[in-house]
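Listed below are the residues making up each chain.
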Amino acid sequence: MLVKAVILIGGNQKGTRFRPLSLDLPKPLFAVAGFPIIQHHIEACVQIPFLKEIIILGYYAVSEMSQFVLDMVQLYKINIRYLQEFEPLGTAGGLYHFRDQIRCGNPDFFFVLNGDVCADFPLTEMLEFHKTHGEKQKAIVTLMATEATRQQSLIYGCIVENKENNTLEHYVEKPSTFISTLINCGVYIFSPEVFHQMANVFNKKQMDFYNVENGSSIEREALYLEKEILMPLAGTGKALVYQTIKWWSQLKTPGAAIYANRHYLNLFRERRPERLAKSVQPTIIGDVYIHATANVHPTAVLGPNVSIGAHATIGYGTRIKESIVLAHSRILDHSLVLYSIIGANSEIGCWTRVEGTPCDPNPDKPFAKMENAPLFNEEGKLNPSITILGNNVTIPSEVIVRNSIVLPHKELTRSYNNEIIL
Amino acid sequence: MGGKDVKLGTMKALILVGGYGTRLRPLTLSRPKPLVEFANKPMLMHQIEALLEAGVTQVVLAVSYRAEQMESELRAETDKLGITLIFSHETEPLGTAGPLALAKDILACGDEPFFVLNSDVICDFPFKEMVDFHKAHGKEGTIVVTKVEEPSKYGVVVYSDQGRIEKFVEKPTEFVSNKINAGMYIFNPSIMKRIELRPMSIEKEVFPCMANEAELFAYELQGFWMDVGQPKDFITGTSLYLKSVREKNPSMLYTGPGAVGNSLVDPTAVIGANCRIGPNVTIGPGVVIEDGVCVKRCTILRDATIKSHSWLDSCIVGWKCVVGRWVRLENVTVLGEDVIVKDEIYINGGKVLPHKAISDSVPEPQIIM
C-alpha cells in the first residue's frame, strides 16, 4: 500500500489575522511549542504506516519555504516537496493542478491537511476507518469532524452525519442558522477518484468562462473544496465522516498560537517527554520547551506552557508564563512575560511587565472552541488579547505593555495598554 | 537678655488634628492620621519636634476621634522629649476655629501669642522666624503663606508689600495670586473674643473680619511646603522632605547598595541583593526587601515585606503588608495594613483596604474592599 499526504498552506494574502507575526515569516513556519506549525502536521503524517511522500502546497514563494523543506527532509528522512501554486487556486485548485504529482506512484489514498489547524491528529485511526468503511461504499473522501457548541458551529463548516453508515448527509459552510454541532476539521482522506469529481467541476467552470462574454479570468482555475467538491458529495454515500474527540482547534490568530502552544506542549509530555525541560535551575513549572541553544539564567522561573526559541537569552530573576519567546530574543533581569508572544530578536528591558489576556474556550461549555473575537469591540476599542511583539521590537526597562500589539522593528519608549503600535 | 527666649519658652501651640482622616484612607482605617509615619516618623512628631526646637513646651492637640489611642502612643515619645501634651477632645466637630475656644483656658491664660497648626502640614517649620515677624508688626494675627503652582485649588491670600492681609479668595476662578494659606498661624490671646465654642470656620468667619480691621499679616514661607493629607501629596511631600534632608543632614540618607537619589532606610530594615532603592523612598523599621526589587517614590511602612523582582513606583505600602514576587505596583497605589498581594499581580492606582488578599490584577484605578 502507498499513502501520501498533502498540507495546504495558502499564501501571504491569506492568514492576515496572524499579523504582525506573519509580516516577516510565512505563518506555517511560525514556531508553536518550539516547532513550526506545519512541522507538527509533518510529524503526525510521518506516523502513518506506508506514508511515502508529503507534498506541501501553497502560494508562498519557493524561496520562503525551501530551507524549511530541506530541514524536514533531513530530520524525518522522507520525501517532502513544496509546490507553489502559480496563482491562488482556492482550497482545491492546487490539488487539482498538481494532481499528477499527487497521483504519481499510484497512492491508494492521500491525506489532505489544512495548514491552519492544530490538533492531536488521529491520522492512522482515520486511515483504518476509511479503509474499512470506505471499501463497501467506494467512498471518495472521509472528512474528520469534531463537536462544537451550537453557537460556535456557525463559523465553521457544518456536517450532518448519517449515524448508521457514517456517511455525509449534508454540508454547509458557515451557515447563518444552526445546522449541526458537528464541524469540519479541515483534515481529509481522499481516494484518487476524487480527481474525476474535480475534473468535472473544473471543466464545467472553463466552459462557463468561454461562454460568458468578458468573463473574468481571475480565479479561473480556482476550485473550492468545501463548496464544489464536498457539498455535492453530501447525501451520495461517497463521503464519510470520521468523528474525533481528540483535541483540535483552528489556528488563525496569535491568541490561538498561545492556545496551541499549551496543547502541543501537553502532547509532548505524553509522547515526547524528552523535548520538555526538566531542571531545578532554572525553575520549571508544568510543560516548558527550551531550545538547546537558549541561554536561561538559573534564577529564572519558567512555565507553565512556555516555549523558548533558539539562542534566546532569559535573564536573572525573570518570570515567563503561558508565552512563546522566539529565537534570539532577550528578556532582561526581573521582568515578567505573561500570555504574550515575543517576536524574534526582540528585547525586553529590566523590571518590565509584558502581559496579555488569553482567549481560552469557555470552560463551562463542553466542546467549546477558542473565542474568535474580532480585533475591535463595538466601541472601536481593541479587545483584550494576547500581547504580541513583532520581530526586532525593543521595550525599555520598568514599563508595562498590556494587551497590545507591536509591529516589527518598533522601539517603544513608554508603557502601553490596549493599543496597536505601528 | 533672654526676653525673647523666655517668651518662646512659655509659648504654647495648638495642633488641629481633627477627625477621621478620610482622605488618607485606607491607611487611616488602621491608625489615626497623626500617627501615620511620614519619612519614618509619625506625622505629628515632625511638628512637635520642630515646636520643641523653637522652645514650645506645651502642645494642645485638638482631636475629635481616637483620642485614647493617640494619647497612649504619643505619651512615651513626648515624655522622652520633655514636652507636655494636652488633649482637647471635641465631642462634636468644632471646625477650624471652635477648637481654639475649647482650649481657651490653656492657650489664652497668659498674654504671649500662641501657635496654631494644621496637622497635615509638612515643611521647614519657621517657628522662630514667625515669632519675630509677629512681634515686629504687633497686630493680632500672623498667617504663614506659601507659593504654589495651582493656587485655584486652595484659598488664596492677597496682601500688601508690608504683609498686611487685604482679603481671601477661596478657590478663585481667575488668577488672583499664587500665595495660599499654609495652615500655620500665630495669634494673640485677644483673638478669643472672636471665637465661640461652636463649629466655626476660622477661614470664613474669623479671618475676613481680622483682615478688614488690618489685624492680620502674612509671613512668606521659604522652602518646601506640602499638605500631606492625601496619598498623592503624601508621596510628593516625601520627595520634597528628602530633598531638604539632603541639604541639611545628608548623612541620614541611605547610601547602601542600590541607592539612587534620596532615600531614608531604617537601620532595622533588611535589603536584599541587586535591588534599586530610590529616588525618594522611605523604608520603615523591620521591613524586608528581597533580592532584585526596584522601589521608587514609595513609602514602605513598618514590618512590610516586598518579595523578589517586584517593581514599585509612587506607592504607599502599609504596615505588615506582604507584596509577592514579580509584582508591579504604580500610580499612587495604597495598600492598607496587612494586605497580601500575590505573586505576579499588577496594581495600577489601587486603594486596598486592610487585611485584604489580592490575587487578581487591578489594571485600572479602583478601590478594593
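One can find the structure itself at the top, above this paragraph.
Residues numbered from 1 in each chain as written. Chains lettered and ligands numbered in written order. Predicted model: local features only at pLDDT ≥ 70, side-chain atom pairs only at ≥ 80, totals over all residues. Heavy atoms only, no water.

Asks: Teacher, can you tell me more about the overall build of chain B here?
Replies: The helix and strand tally for chain B stands at eight helices and 31 strands. Relative to the globule expectation of 21 Å for 369 residues, the C-alpha radius of gyration of chain B, 21 Å, shows essentially globular dimensions. Along the three orthogonal principal directions, the C-alpha set of chain B runs to about 60 × 45 × 40 Å. Residues counted as buried form 56% of the 369 residues belonging to chain B. A separation of at least 24 residues holds for 50% of the contacts in chain B among residues at least 6 apart in sequence. Per element, the accessible surface of chain B, about 15300 Å² overall, is 50% carbon and sulfur. Computed over 40 positive and 46 negative side-chain charges, the inter-centroid distance for chain B is 2 Å. (Helix = DSSP H or I, 4+ residues; strand = E, 2+ residues; numbered from the N terminus. Rg over C-alpha atoms; globule rule 2.2 N^0.38 Å. Buried < 20%, exposed > 50% of the residue type's maximum accessible area, 1.4 Å probe, protein only. Contact = heavy atoms within 4.5 Å. Areas by Shrake-Rupley, 256 points an atom, 1.4 Å probe, with all protein chains shown as cover. Lys, Arg positive; Asp, Glu negative; His and termini not counted. Charge placed at Lys NZ, Arg CZ, Asp CG, Glu CD.)

Asks: Help me understand the packing of aromatic side chains in this model?
Replies: Each aromatic ring pair is characterised by the separation of its centres together with the angle its planes make. All names here are of chain B. Using the criterion set out here, one finds 23 aromatic pairs over all chains in the structure. Summarising the aromatic geometry, the rings of Phe-115 and Phe-127 are spaced 5.1 Å apart at their centres and angled 65° between planes, so their arrangement reads as edge-to-face. With Phe-115 in strand S6 (residues 114-118) and Phe-127 in helix H6 (residues 127-137), this residue pair connects regions lying twelve residues apart in the sequence. Residue class for Phe-115 comes out buried when judged on its relative accessible area of 0%. (Phe/Tyr/Trp six-rings, centres within 6.5 Å; stacked < 30°, edge-to-face > 60°.)

Asks: Help me out: how do you make sense of the packing of helix H2 (residues 43-53) of chain B against helix H3 (residues 67-81) of chain B in this one?
Replies: When two helices pack together, their arrangement is captured by the angle between the axes and the distance separating the axes. All names here are of chain B. Orientation of H2 relative to H3, taken along the N-to-C sense of each, is 20°, at an axis distance of 12 Å. The angle between H2 and H3 falls in the class roughly parallel. Both H2 and H3 take part in a crossing whose hand is right-handed. Contacts from Leu-44, Met-45, Ile-48, Glu-49 and Leu-52 of H2 reach H3 at Leu-74, Glu-77, Thr-78 and Leu-81. (Axes fitted to C-alpha atoms, helices over the stretch in contact; angles between N-to-C directions. Parallel < 35°, antiparallel > 145°, perpendicular 65-115°, else oblique. Left-handed = near helix turned anticlockwise from the far one by under 90°.)

Asks: Sorry, what's going on with a nonpolar patch on the surface here?
Replies: A grouping of Leu-375, Phe-376, Ile-420 and Leu-422 of chain A is seen on the molecular surface, where their side chains present a nonpolar patch of about 390 Å² in accessible area. Relative to the elements of secondary structure, Ile-420 of chain A occurs in strand S32 (residues 420-421). (Patch = residues over 30% accessible without salt bridge, like charges linked within 9 Å, V, L, I, M, F, W, Y side chains within 5 Å. Salt bridge = Lys/Arg side-chain N within 4 Å of Asp/Glu carboxyl O.)

Asks: Looking at this model, I keep getting lost on the sheet that holds strand S15 (residues 270-271) of chain B. Mind explaining?
Replies: Residue and element names in this part refer to chain B. Strand order in this open sheet of six strands is S15-S18-S21-S24-S27-S30, and the pairing throughout is parallel. For this open sheet the edge positions go to S15 and strand S30 (357-358), each flanked by a neighbour on one side alone. Inspection of the sheet shows strand S21 (residues 305-306) paired to strand S24 (residues 322-323) by two bridges, in the parallel sense. By the bridge assignment for S24, Thr-305 is matched with Val-322. (Pairing = 2+ DSSP bridges.)

Asks: What's the story with the interface of chain A and chain B in this structure? I'm lost.
Replies: By a widespread convention, an interface's size corresponds to the accessible area lost as its parts come together. The interface of chain A with chain B comprises 18 residues on the first partner and 19 residues on the second. Three residues, Trp-351, Arg-353 and Glu-398 of chain A, lead the burial of chain A against chain B; their summed loss comes to 42% of the area buried on that side. Our count for the chain A to chain B interface comes out at four salt bridges. Glu-344 of chain B is the salt-bridge partner of Arg-319 of chain A, the closest N and O atoms lying 2.7 Å from each other. (Buried area = accessible area lost by both parts, 1.4 Å probe.)

Asks: What is the right way to read the environment of Ile-348 of chain A from this model?
Replies: Residue and element names in this part refer to chain A. Its place among the elements puts Ile-348 in strand S25 (residues 347-348). A residue is classified by how much of its surface remains accessible, and Ile-348, at 0% relative accessible area, is buried. Counting along the chain gives 207 residues from Ile-348 to Val-141, while the straight-line C-alpha distance between them is 49 Å. Ignoring any residue separated from it by four or fewer positions in sequence, one finds Ile-348 in contact with Arg-330, Ile-331, Leu-332, Ser-335, Val-337, Ile-342, Val-354, Leu-389 and Ile-395.

Asks: Explain the pairing of strand S4 (residues 51-58) of chain A to me, please; I cannot follow it from the model alone.
Replies: Residues and elements named next belong to chain A. Here S4 lies mainly inside the structure; seven of its eight residues are buried. Bridge count between S4 and strand S5 (residues 79-84): six bridges; the pairing is parallel. Looking at the pairing, Ile-56 lines up with Tyr-82 of S5.

Asks: Which parts of the structure should I look at to understand empty space enclosed by the protein?
Replies: Remark: the empty space left among the atoms is shown by a probe the size of a water molecule rolled over them. Residue and element names in this part refer to chain A. Within this structure, the stated rule accounts for three cavities of 30 Å³ or more. By volume, the largest cavity is sized at about 90 Å³. In terms of lining, the largest cavity is formed by Tyr-156, Ser-249, Gln-250, Lys-252, Thr-253, Ala-256, Lys-369, Met-370, Glu-371 and Asn-372. Split by residue class, the lining of the largest cavity holds three nonpolar, four polar and three charged. (1 Å grid on protein atoms, 1.4 Å probe; cavity = no way out; pocket = protein on both sides within 12 Å on 5 of 7 lines; lining within 4 Å. Points joined across faces, edges and corners; volume = space filled by probe spheres on them. Nonpolar A, V, L, I, M, F, W, Y, C, P; charged D, E, K, R; others polar.)

Asks: Would you explain the sheet that holds strand S24 (residues 340-342) of chain A in this entry?
Replies: Two modes of strand pairing occur in sheets, parallel and antiparallel, and in both the strands are linked by backbone hydrogen bonds. Residue and element names in this part refer to chain A. What the seven strands build is an open sheet, ordered S15-S18-S21-S24-S27-S30-S32; its pairing is parallel. Edge strands, defined here as strands with exactly one partner in the open sheet, are strand S15 (288-290) and S32. Here two bridges tie strand S21 (residues 324-325) to S24, and the two strands are oriented parallel to one another. What sits directly across from Val-325, in S24, is Ile-342.

Asks: I'm lost on the side chain of Thr-253 of chain A in this one. Help?
Replies: With respect to the helices, strands and loops of the structure, Thr-253 of chain A is situated in the loop between strand S13 (248-250) and helix H9 (254-271). Not counting residues within four places of it along the chain, the set of residues in contact with Thr-253 of chain A comprises Arg-17, Phe-18 and Asn-372 of chain A.

Asks: Honestly, the nonpolar core in this entry has me stumped. Any pointers?
Replies: The tendency in soluble globular proteins is for nonpolar side chains to be buried as a group. Counting residues in hydrophobic clusters, the biggest one holds 75 residues, and the most contacted among them are Phe-30 and Phe-111 of chain A. Element by element, the count of residues in this core is highest for H9 of chain A, at nine residues. Those residues in contact with Phe-30 of chain A that lie beyond four places of it in its chain are Phe-18, Leu-21, Leu-25, Phe-35, Pro-36, Ile-37, Ala-257, Ile-324, Leu-326 and Ile-341 of chain A. By size, the runner-up hydrophobic cluster in this structure holds 40 residues, among which are Val-17, Leu-35, Ile-48 and Val-121 of chain B. (Core = buried A, V, L, I, M, F, W, Y, C linked by side-chain atoms within 4.5 Å.)

Asks: What is the right way to look at the pattern of salt bridges in this model?
Replies: If charged atoms from side chains of opposite charge come close, those side chains can pair. Residue and element names in this part refer to chain A. Enumeration over the complete set of coordinates arrives at 37 salt bridges over all chains. Between Asp-360 and Arg-262 there is a salt bridge whose closest N-O contact spans 3.2 Å. Residue Asp-360 is found in the loop between strand S26 (353-355) and strand S27 (387-389), and its partner Arg-262 is found in helix H9; the two are separated by 98 residues along the sequence. Take Arg-262: its relative accessible area is 23%, and that puts it in the partly exposed class.

Asks: Help me understand the packing of helix H7 (residues 194-211) of chain A against helix H8 (residues 225-233) of chain A in this model?
Replies: Residue and element names in this part refer to chain A. Between H7 and H8, the shortest axis-to-axis distance is 10 Å and the interhelical angle comes to 125°. As judged from the angle between their axes, H7 and H8 are oblique. Crossing of H7 over H8 shows right-handed handedness. Note on element contacts: H8 touches H7 through Glu-228, Ile-229 and Leu-233, opposite Val-194, Gln-197, Met-198, Val-201 and Lys-205.

Asks: Teacher, can you tell me more about the pairing of strand S9 (residues 155-159) of chain B here?
Replies: On a regular strand, one side chain projects to one face of the sheet and the next to the other, so that they alternate. Residues and elements named next belong to chain B. In terms of residue burial, S9 counts as a mostly covered element, since five of its five residues are buried. Because side chains alternate across S9, one face comprises the buried residues Gly-155, Val-157 and Tyr-159, and the other comprises Val-156 and Val-158, equally buried. Relative to strand S10 (residues 165-170), S9 is paired through five bridges, and the arrangement is antiparallel. Note on S10: the bridge partner recorded for Tyr-159 is Ile-165.

Asks: Would you explain the environment of Lys-171 of chain B in this entry?
Replies: All names here are of chain B. Assignment of secondary structure puts Lys-171 in the loop between S10 and strand S11 (179-187). Counting along the chain gives 19 residues from Lys-171 to Ser-152, while the straight-line C-alpha distance between them is 4.6 Å. Leaving out residues up to four positions away in the same chain, Lys-171 has contacts with Ser-152, Lys-153, Tyr-154 and Gly-155.

Asks: Would you explain the state of the cysteines in this entry?
Replies: A covalent bond bridging the sulfur atoms of two cysteines is what the word disulfide describes. By the definition in use, this model includes zero disulfides over all chains. The thiol of Cys-359 of chain A is not disulfide-bonded; the next cysteine sulfur, from Cys-118 of chain A, is found 12 Å away. (Disulfide = S-S within 2.5 Å.)

Asks: Would you take a moment to explain the environment of Val-270 of chain B for this structure?
Replies: All names here are of chain B. Relative to the elements of secondary structure, Val-270 occurs in strand S15. Looking at Val-270, the relative accessible area reads 47%, which means it is partly exposed. Sequence separation of Val-270 and Ser-152 is 118 residues, and the distance between their C-alpha atoms is 43 Å. For Val-270, the contacting residues outside a window of four places in its chain are Val-287, Val-288 and Ile-289.

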